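Read off the chains here:
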Amino acid sequence: MEAVTSESDYPDQLEDLISRCREYNPQTDAALIRRAYDYSARMHGGQTRMSGEPYVMHPLNVAVIITQLKLDQPSVITGLLHDVVEDTGASLEEVQGLFGAEVARLVDGMTKVSKITFQSRAEKQAENFRKMVIAMAHDIRVVMIKLADRLHNMRTLSHLQPHQREEISRETLEIYAPLAHRLGIYWLKSELEDCAFRWLNPTAYAQLKAQVAEKRAEREKYIESVIRILADRLEAAGVKAEVTGRPKHFFSIYNKMQEEGLSFDQIYDLVAFRIIVGTVRECYEALGVVHASWKPVPGRFKDYIALPKVNMYQSLHTTVIGPRGQRIEVQIRTTEMHQVAEHGIAAHWSYKEGNGAELRDAQRFAWLRRLVESQQDVKDPQEFLSTVKDDLFAEEVFVFTPKGDVLDFPVGSTVIDFAYRIHSQVGHHLAGARVNGRMVPLRYRLQSGDTVEVITAERQTPGKDWANHVVTARAKSRIRQWLRQQQAERSRELGIQFLDHELEPLGLTLAQIRTRERFAAAVKELSHGDEDGLLAAIGYGIVTVNQFLSRVLAPDELKAYRGEKPAAAIPLDGDGAARERPPSTRDAVVVSGIGDMLVRFARCCNPLPGEAITGFITRGRGVTVHLAGCPHAMETDPQRRVTVVWKAGEDTLRPIQLEVLCIDQPGLLAEMSRAIAAAGVNISTAQVKTSGQDGRSRSLFELKVSNSTQLKNLMHSIAAIDGVMQVSRVGLPNGLQRSRSELANQ
């Protein structure tokens, strides 16, 4: 019989959790929450976090964050139990028996993919993300609990190793903060971004934090002044409103400095003012008061009330030249809109007994439905993660169909994206488009307010470059699927031609070989699902003709076949002696499951020993090695991808480029050169450009390094020099930039 714990024995955080639940849910079952805590504490007994505190404090803090999101009681209990199945001996069946089927489903959605063997961490991350997408399609609470889990992990990141902090922070910035944004939970998004910023760029974070603190008193005085002016003028206009001001978070300030090339002193709109009114009509009346008081900045007005964001966020945004000539951002919304902005998609929930959370308006889940559709068509998890980042996490544009329906798209979408949004067949046969009544090229980028009409033709099919002119996951997956099908058919035909050509001297044909029992066995041995798949693999070059025929020919046939093949010629020098084979890149990496193959490194990402890599077979050119996650590698057919790993102890010098942004001051170039020499790295070339306007200089170094660790240490050394603002590895595709100062540090 279990011992009963008295309320006085529970930690204060648990009682605070129950109190928070009761604030918005008077029917909270305190006894059940305590029972969930007891179970979690018992299952995690003896486990500690890196900080040394009992592990159970992590799920308890996650549950507290869940109450900030105002989620229901099953979600709070799931917060307490979210790690028990993954990290302890608990089973889902036991959780269901103790806390019900609804909690068990949520815990299962939170459980990571831990029982599957993956080739790399990147693949595991991608598969985890795919599972989370599927789980949140069934119940959006899964991802909100996951966000609470990630937020507490980010708050306690200081106890991990530096490389772990950077890896987790980069993942947070790329996936979880944008998810919070898409769900409309802006306070959570902001804190996740600032936490990631702190660890990915500690120098810039500390400098910015100090600069903001230095002007805090002055800023607060300015905020009070603007609030007073706005409140008085709104009252005079008969608009009852609540006016507040809030400082922008560090990451948004830093982003603006980077994007616009400004120093901190040049950033004026560090504060966003908010006007909350009772009705939609009063929103526009308040806007009139603001614009009558101060001159609006052209192009900075957004009406998200008439055209809500995908997450149903509604507000008027405007930027005006306020007192002292400073730019100030003003947001105007109703009380109900403010609830949505604060709590995101949860503000729309209605709860039904036993059915979890449902939305009153299914349109709010349109983006999630498209996300699930995308994952169904993309079999490779890394490709899914790569394509979905652009689609899910971009800002939106709103366009109209000829019937007047409004569709949302990520910024940068083209009419090809529009066509595939209508229907896959419309996309496949897209021949032209009219935007606002005039013909435009297929690569035309959609703008908010456009009315788009597509023209189709039966003979029109996707071009190979179409995937370069779309940004939505749906369009990318449909185009690649179609191209793969066409390529597979061509490769199958080519495989048949190869085999018939090789079998002709033996008086055999593929049709005759197909009747043999060994043919089916060869398909199975060579790991291909069916005959057509094997023939396509031969056409691709994934399976060689020799590999196949060695399995299906009889011994005497195989001997005759090989007897016709001349021995490979050995290159001779002028004296007739065999020349020594020059060192090959194949010596640097190992290609899984494939024999001696030519290996070359992709110029688009130029991988270094120690970095995660992937390979794909290029017909006639062996295996091309890319950085894992390289967008060019993601565009390749997953069937042609192979696992490649660096050989231990085979570091070879590889060329890279570093760009250093710094203050233009004497002696700095010499200090950077000494740091490079001290790291044991040679400089091939160096270029320095100075700008008299902002007192900065940019230095571009061409270097040869032996591995990623050497490069990383070098970038840290250069970044530590007084006067250096940013160190970046250049020449990489978008999304793979390595920087000691930007938020893509590796």
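Heads up: the structure comes first, above all this text.
Our subject in this report is the structure included herewith. (Residues numbered from 1 in each chain as written. Predicted model: local features only at pLDDT ≥ 70, side-chain atom pairs only at ≥ 80, totals over all residues. Heavy atoms only, no water.)

## Section: the nonpolar core
Here comes step 1: Of all hydrophobic cores here, the largest spans 69 residues; its most connected members are L17, I33, L81, V95, F99 and L192.
Here comes step 2: Take this core: its biggest share by element is eight residues, from helix α9 (residues 141–155).
Here comes step 3: Sequence-distant contacts of F99, that is, excluding residues within four places in its chain, are made with L32, R35, A36, Y39, I77 and L81.
Here comes step 4: Ranked by size, the runner-up nonpolar core spans 31 residues in total, among them L508, V545, I613 and W646. (Core = buried A, V, L, I, M, F, W, Y, C linked by side-chain atoms within 4.5 Å. Buried < 20%, exposed > 50% of the residue type's maximum accessible area, 1.4 Å probe, protein only. Helix = DSSP H or I, 4+ residues; strand = E, 2+ residues; numbered from the N terminus. Contact = heavy atoms within 4.5 Å.)

## Some details on the pattern of salt bridges
In a structure, side chains of opposite charge can pair up when their charged atoms sit close to one another.
Here comes step 1: Inspection of the entire model under this criterion finds 13 salt bridges.
Here comes step 2: Between E15 and R34 there is a salt bridge, and its shortest N-O distance comes to 3.0 Å. Within this pair, whereas E15 is found in helix α1 (residues 12–24), its partner R34 is found in helix α2 (residues 30–43), the two being separated by 19 residues in sequence.
Here comes step 3: Between E453 and R434 there is a salt bridge, with the nearest N and O atoms lying 3.7 Å from each other. Of this pair, E453 sits in strand β13 (residues 452–456) while R434 sits in strand β11 (residues 430–435); the two residues are 19 residues apart in sequence, bridging distant segments of the chain.
Here comes step 4: Judged by relative accessible area, E453 falls into the partly exposed class, the value being 37%.
Here comes step 5: Residue class for R434 comes out partly exposed when judged on its relative accessible area of 32%. (Salt bridge = Lys/Arg side-chain N within 4 Å of Asp/Glu carboxyl O.)

## Describing the packing of α1 against α2
Here comes step 1: Between α1 and α2, the shortest axis-to-axis distance is 11 Å and the interhelical angle comes to 145°. Helix-helix and strand crossings are classified by hand; for α1 and α2 the assignment is right-handed. Contacts between α1 and α2 pair L14, E15, L17, I18, C21 and R22 from the former with A30, I33, R34 and Y37 from the latter.
Here comes step 2: Looking at side-chain class alone, the contact of α1 with α2 contains seven nonpolar, no polar and three charged residues. (Axes fitted to C-alpha atoms, helices over the stretch in contact; angles between N-to-C directions. Left-handed = near helix turned anticlockwise from the far one by under 90°. Nonpolar A, V, L, I, M, F, W, Y, C, P; charged D, E, K, R; others polar.)

## As for the packing of aromatic side chains
Here comes step 1: Per the stated rule, a full pass over the model turns up nine aromatic pairs.
Here comes step 2: Ring centres of Y39 and F99 lie 5.8 Å apart, and the angle between their planes is 65°; this geometry places the pair in the edge-to-face category. Placement of Y39 in helix α2 and of F99 in helix α6 (residues 92–99) is noted, with a sequence separation of 60 residues between them. Comparing Y39 with F99, the two get one shared label, buried.
Here comes step 3: Aromatic pair F197 and Y254: ring centres 4.7 Å apart, planes at 35°, arrangement tilted. (Phe/Tyr/Trp six-rings, centres within 6.5 Å; stacked < 30°, edge-to-face > 60°.)

Read these as layout, nothing more, since geometry by itself doesn't imply function.
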